[in-house]
Amino acid sequence: MTLTVPCLFGLESLVADEMKRLNLQEVRAENGRVHCRGTLADIARLNINLRCGARVLMELGSFPAGDFEALFQGVYALPWEDYIPKDGEFPVKGYSLNSGLHSVPACQAIVKKASAKRLGEKYGMATLPETGSRYQIQFAIVKDVATLYLDTSGEGLYKRGYRAQGVVAPLRETLAAALVTLSRYRGKDPFCDPFCGSGTIPIEAALIAKNRAPGLDRSFSAQRWKNMDGKLWLEAADEAMDREFHGSYDIWGGDIDPKAVELARHNAELAGVEDCVRFEVADAGKFHRDSEYGQLATNPPYGERLMEKSEAEALYRMFGAACRELPPKWRVLVLSSHTEFERSFGRQANKKRKLYNGMLKCDLFMYGK
Ligand SMILES: C[S@@+](CC[C@H](N)C(=O)[O-])C[C@H]1O[C@@H](n2cnc3c(N)ncnc32)[C@H](O)[C@@H]1O
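Computed from a predicted model, the values in this text were never measured in an experiment.

(A) Spatial organisation of the side chain of D42. Here D42 shows up in helix α2 (residues 40-49). With a relative accessible area of 12%, D42 lands in the buried category. Within the structure, D42 has its side chain in polar contact with the side chain of R45 (distance 2.9 Å). Beyond its immediate sequence surroundings of up to four residues, D42 is in contact with L3 and L24.

Okay, here's the thing in structure tokens:
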């Protein structure tokens, strides 16, 4: 079957690499999503192991859908009964891009009606109770072609289950993992985030250092599906745990706000990595390190959500001066939506990469080789 992993724009190649490392076949990236061929066992493996992907969708079929009748007939023709049992709950969501069928609520209603008709006929029931497990249907209509999926993940994969509530401007865990991956941190050198907030980046660095699969502490929709043997999930979890490392790591997060530091410590405990991450109250403007090598990945305030632009610029100036004191072999990555970042920081990036923090367009400014 074809499995599709949507992701934040800019992370496609990282997700594709992750899928290849999991030995998935025919991995193909496009804008905002990556496809591959896989089995039911791979659904469990992808959900448990992916760090940068948003969710795992199982593709059921694709067909031209220029009007409502074509959409209805195309959906009705799919073998829904192979997946959704008599009592399955099957809500519908989706989107339409550059297509004649542009009203999402209307398409949603058609997809629901056609799948319900098919299931009702197969099960000989006029009304389906929908009291059982959830089989979330997703549709994508792009240039008049509809593709139908079942969402195997449930909550997005960025929800690892370690983040406490009530955090201001946290970074998505999937994006934090991407930053750590792009910094090429593998658990060897010191790793730092001087604007750590709730600790997402250092915690993802710790999970990467330990090679701990991010999905081991949560559940997924498809775990409750009738056609997915529970054994597949246990095997995928065992396989992931067998690959864990147990070493000592130097991972540090600092923040000027004591409450953020307290929360970061709490989150690290929830993630089970408190033994390899240190958090401290510290001013990033006075950041200092002597070690010859190291990786720093951070997302300072942008001057949009947390503080005024001019305050952010002053902070970037101080942080830039502190970073210039680092030994030359350090690699520094800063995510910011501030268009004048490099000028305030005081140095042109060696490389830039466009990334989206939610809907906010950002640049990842990369310094060092
Ligand atoms: C965008 S948030 C970081 C969010 C974090 N990546 C997370 O996932 O929770 C920026 C953080 O920078 C901190 N901050 C602001 N000024 C600082 C300074 N001078 N030194 C250190 N931290 C500072 C804020 O307290 C805030 O927690």
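The rest of the description comes next.
(B) Structural context of helix α5 (residues 173-182). Counting buried residues in α5 gives nine out of ten residues, a clear majority hidden from the surface. For α5, every residue scored as buried is listed here: E173, T174, L175, A176, A177, A178, L179, V180 and L182. R184 sits one or two residues past α5 and shows a positive phi near 65°.

(C) The arrangement of the site of the ligand in detail. Every one of the 20 residues lining the ligand counts as a neighbour, but S198, T200, D255, A284 and N299 are closest to it. Between L171 and the ligand, the recorded distance is 2.9 Å, taken from a backbone N or O atom to an oxygen atom. The separation between an oxygen atom of the ligand and a polar side-chain atom of S198 is 2.6 Å. Protein contact buries 91% of the 600 Å² of open area that the ligand shows by itself.

Thresholds applied
Residues numbered from 1 in each chain as written. Predicted model: local features only at pLDDT ≥ 70, side-chain atom pairs only at ≥ 80, totals over all residues. Heavy atoms only, no water. Helix = DSSP H or I, 4+ residues; strand = E, 2+ residues; numbered from the N terminus. Buried < 20%, exposed > 50% of the residue type's maximum accessible area, 1.4 Å probe, protein only. Polar contact = N/O pair within 3.5 Å; in protein donor to acceptor, adjacent residues only side chain to side chain. Contact = heavy atoms within 4.5 Å. Near = heavy atom within 4 Å. Areas by Shrake-Rupley, 256 points an atom, 1.4 Å probe, with all protein chains shown as cover.

Purely geometric stuff here, so don't read any function into it on its own.
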